[in-house]
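# Examining the three-dimensional arrangement
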Amino acid sequence: MGEQKVNTDRKASERKKFLKNLIHDIEALDQMIRQGMIEKEVQRIGAEQEFALINKHYKPSKNGPLILGKLDNSHFTSELAMYNLELNLDPQELKEGCLFKMEKQLRKYLKNAEGVASGFGDSVILTGILPSIDLRSGQMDFMTPNPRYQALDEIIKQLRGQDFELNISGVDELILAHTNILFEACNTSFQCHLQVSEEEFVDQYNWAQMISGPVLSVCTNSPLLFGRELWSETRIPLFQQSIDIRSKGYHLKEREQRVSFGNQWIRETTEIYKENIARFPLILTHKSTDNSLTVLEEGGIPKLQALQLHNGTIWRWNRPCYGTTDGRPHLRIENRYLPSGPTIIDEMANLALWVGLMKAMPEQYKGSWQRKSFEDTKGNFYRAATSGIFSSMVWNGRMIPVQKLMLDQLLPLAKKGLSATGIPEEESNRYLDIIQKRIKSGQTGSSWLIKSYRNIKKHMSRDEAMVTLTAAMQQRRKADQPVSEWLAAAAAELKAIPIQYDWIGNIMTTNLITVQEDDLVTLVEKIMEWNNIHHIPVEDKQGKLKGLITTSTLKKNREKTDGMEIAKDIMIKDVITTGPETDIKYAMLLMVNKKISSLPVVDGDRLIGLVTDKDAKGIWEKLYQKNNA
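First, a word on scope: everything that follows refers to the structure included in this document. Since we're looking at a predicted model, the values are computed, not measured.

### Description of the sheet that holds strand 19 (residues 545–550)
Read across the open sheet, the 3 strands follow the order 17-18-19; overall the sheet is mixed. Of all the strands in the sheet, just strand 17 (515–516) and strand 19 have a single pairing partner and so form its edges. Along the sheet, helix 16 (residues 521–531) contacts strand 17, strand 18 (535–539) and strand 19; its crossing angle with strand 18, the most-contacted strand, is approximately 135°.

Okay, here's the thing in structure tokens:
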């Protein structure tokens, strides 16, 4: 997230000063480009590894800040949520041995993080979206206590003016409202950087856009969120929606998301920076930004602090970056769409694929972007995000299955690109052979997760299945085999997992059948009979819980019915309820104490789940077995 010393003060005087420096920054960048000051003699690659921290129950840990402090290493930094950290790898000159060096450093530092985390009873896991994450992890007590994150949350909420909404449809559907930006923290990525010269920047950036769909399709690793099977790379819609500041309106005014793919090919190097300034309001400011034009006049190299801070609050999937190395300014393209994990070797293979393709752009593409369809390229990206390795891409005007496109055209091109940089065949084959096996097997991180989830969810609850997946993923990652070689998770793996049965939200039934107050009792009885259920909640037209009907209620009613009673006439009105964060043992004791066979779970006055005596009995038996074990 970059600079931490930010300011949330929205005073007009400070905003004006920051905007002035922002304009100076873009003018200074244009000037450095005109004067040929951007480094071009050397090309480097880099990466940022985001990773999750899990406790002994395979749930998100709150120990991130403590682990970061214990690591005491400038390569590591905090993330939005306490269960995430980020590792920044040293840039490597793009030449023989650079991929080996990067992998060696990645392994070394992740091993260090794993060692420190183990001292807190935690583990490091590499995954695009942690399968075991639940709604509790989106509460403010999971946010890292850092001024920048608090500022982002505060100002984005002010700009949006209403709750955040998720609406993601795949095999399942997730529709959810939330009051803060912590859903964004569900995402962890492996961000790749490639330094490019100013002369090549426009062509390289447009080419990066063009290959995004095919590259993402064979690297997906995030198909599940809260136990729902959504997109092959659910990080894409989740990130876009979780910090979307736009509010709903009644008109067709077009406003771009701060997380986006873009809408057209670029024509000049600084075009995206200028569009970011023109289209997106300031979220954060900084009191100590310099006048970049003055720094240039005095013979210095400006940091472009205002421009970098503003650019850091607009999350394009391919993002331009400015930086300095040894006093020389440079430009980079940052690939933000690749997920973390599932293994180090898989991530390095993804990086090698992307870098190889970036270095092998066909000559005929240079300067000819206006003859290419940007809409096809953008469509490819979202097809990859939704369907992954089983999608098809529009490539040179033809629709091609992505596995065929990669094997026949793009994988050989990536090998050629790595070879052109001086990377020997032995080095490139180590990584690209993994991509080839993944494509041929059809098994990405996402397809493994989906296969495993469908295999085990028939034998356990949703939360148990998600924790089992997390444990299975962790066990296979530690074996250090690429995901294409993983066996699907099995239900038997649950037995070895110390699952924590602690809150009612993780065991309640959410796929509810309800009736309304004015429904005929005859209909209520039929619905319960058809679905073999013994309890049915009664709601009003606004979805508020008004009562409960049980089989006992129906039996009493049969003795005095005329066939025209409605649910409101016979329902239990004084319903005992609980909230989603209630302790499971307390809820079970409440049911025994009150002699009730079902316990509706509410948020305010709205029904969100139901726990029955059958559910409670099943959990009690599992708790008993684990305690005895």
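### A closer look at helix 13 (residues 425–441)
In this model helix 13 runs 23 Å from its N-terminal to its C-terminal C-alpha over 17 residues, within 8% of the 24 Å that 1.5 Å per residue would give. Within helix 13, the axis deviates most sharply at Tyr 431, by approximately 30°. Where helix 13 is concerned, the buried positions are Glu 427, Ser 428, Tyr 431, Leu 432, Ile 434, Ile 435, Arg 438 and Ile 439. Contacts made by the buried residues of helix 13 are with helix 3 (98–118), helix 10 (344–358) and helix 12 (402–420). Of the residues one or two after helix 13, Gly 442 is the one with positive phi, at around 75°.

### Quick notes on the side chain of Thr 421
Structurally, Thr 421 is set in the loop between helix 12 and helix 13. For Thr 421, a relative accessible area of 15% corresponds to the buried category. In contact with Thr 421, not counting residues within four places along its chain, are Leu 94, Lys 95 and Lys 359.

### Quick look at a nonpolar patch on the surface
Where nonpolar side chains cluster on the molecular surface, the patch consists of Leu 520, Leu 523, Trp 530 and Met 564 and spans about 450 Å² of accessible area. If you trace the backbone, Met 564 turns up in the loop between helix 17 (551–558) and helix 18 (567–570). For Met 564, a relative accessible area of 60% translates into the label exposed.

### A look at the packing of helix 12 against helix 13
Direction vectors running N to C along helix 12 and helix 13 enclose 175°, while the axes themselves pass 11 Å from each other. Viewed along their axes, helix 12 and helix 13 adopt a mutual orientation that is roughly antiparallel. Between helix 12 and helix 13, the residues in contact are Gln 403, Met 406, Leu 407, Leu 411, Ala 414, Lys 415 and Leu 418 and Ser 428, Leu 432, Asp 433, Ile 435, Gln 436, Ile 439 and Lys 440, respectively.

### Points about the pairing of strand 8 (residues 190–196)
For strand 8, the buried fraction is high: 7 of the 7 residues fall into the buried class. Across the two faces of strand 8 the burial is the same, with Phe 190, Cys 192, Leu 194 and Val 196 and Gln 191, His 193 and Gln 195 all buried. Relative to strand 14 (residues 328–335), strand 8 is paired through 5 bridges, and the arrangement is antiparallel. When the bridges of strand 14 are listed, His 193 appears paired with Glu 334.

### Details of the environment of Ile 333
Tracing the sequence through the fold places Ile 333 in strand 14. A relative accessible area of 0% means that Ile 333 is categorised as buried. Along the backbone, Ile 333 and Leu 71 are 262 residues apart, and their C-alpha atoms lie at a distance of 29 Å. If we ignore the near neighbours within four places in the chain, the residues touching Ile 333 are Cys 192, His 193, Leu 194, Val 196, Phe 201, Gln 204, Tyr 205, Ala 208, Arg 319, Trp 354 and Met 358.

### Here's the deal with the nonpolar core
The biggest cluster of nonpolar side chains holds 172 residues, and the ones touching the most others in it are Leu 29, Phe 51, Trp 207, Leu 225, Leu 353 and Trp 354. The element contributing the most residues to this core is helix 10, with 11 residues. Contacts of Leu 353, omitting those with residues within four sequence positions, involve Val 215, Val 218, Met 406, Leu 411, Ala 414, Leu 432 and Ile 435. In terms of nonpolar packing, the next biggest core, distinct from the first, is built from 12 residues, Val 515, Val 521, Ile 570 and Met 571 among them.

Definitions and cut-offs
Residues numbered from 1 in each chain as written. Predicted model: local features only at pLDDT ≥ 70, side-chain atom pairs only at ≥ 80, totals over all residues. Heavy atoms only, no water. Pairing = 2+ DSSP bridges. Helix = DSSP H or I, 4+ residues; strand = E, 2+ residues; numbered from the N terminus. Contact = heavy atoms within 4.5 Å. Axes fitted to C-alpha atoms, helices over the stretch in contact; angles between N-to-C directions. Expected span 1.5 Å × (residues − 1). Bend = angle between axes of the 7 residues up to and from the residue. Buried < 20%, exposed > 50% of the residue type's maximum accessible area, 1.4 Å probe, protein only. Patch = residues over 30% accessible without salt bridge, like charges linked within 9 Å, V, L, I, M, F, W, Y side chains within 5 Å. Areas by Shrake-Rupley, 256 points an atom, 1.4 Å probe, with all protein chains shown as cover. Salt bridge = Lys/Arg side-chain N within 4 Å of Asp/Glu carboxyl O. Parallel < 35°, antiparallel > 145°, perpendicular 65-115°, else oblique. Core = buried A, V, L, I, M, F, W, Y, C linked by side-chain atoms within 4.5 Å.

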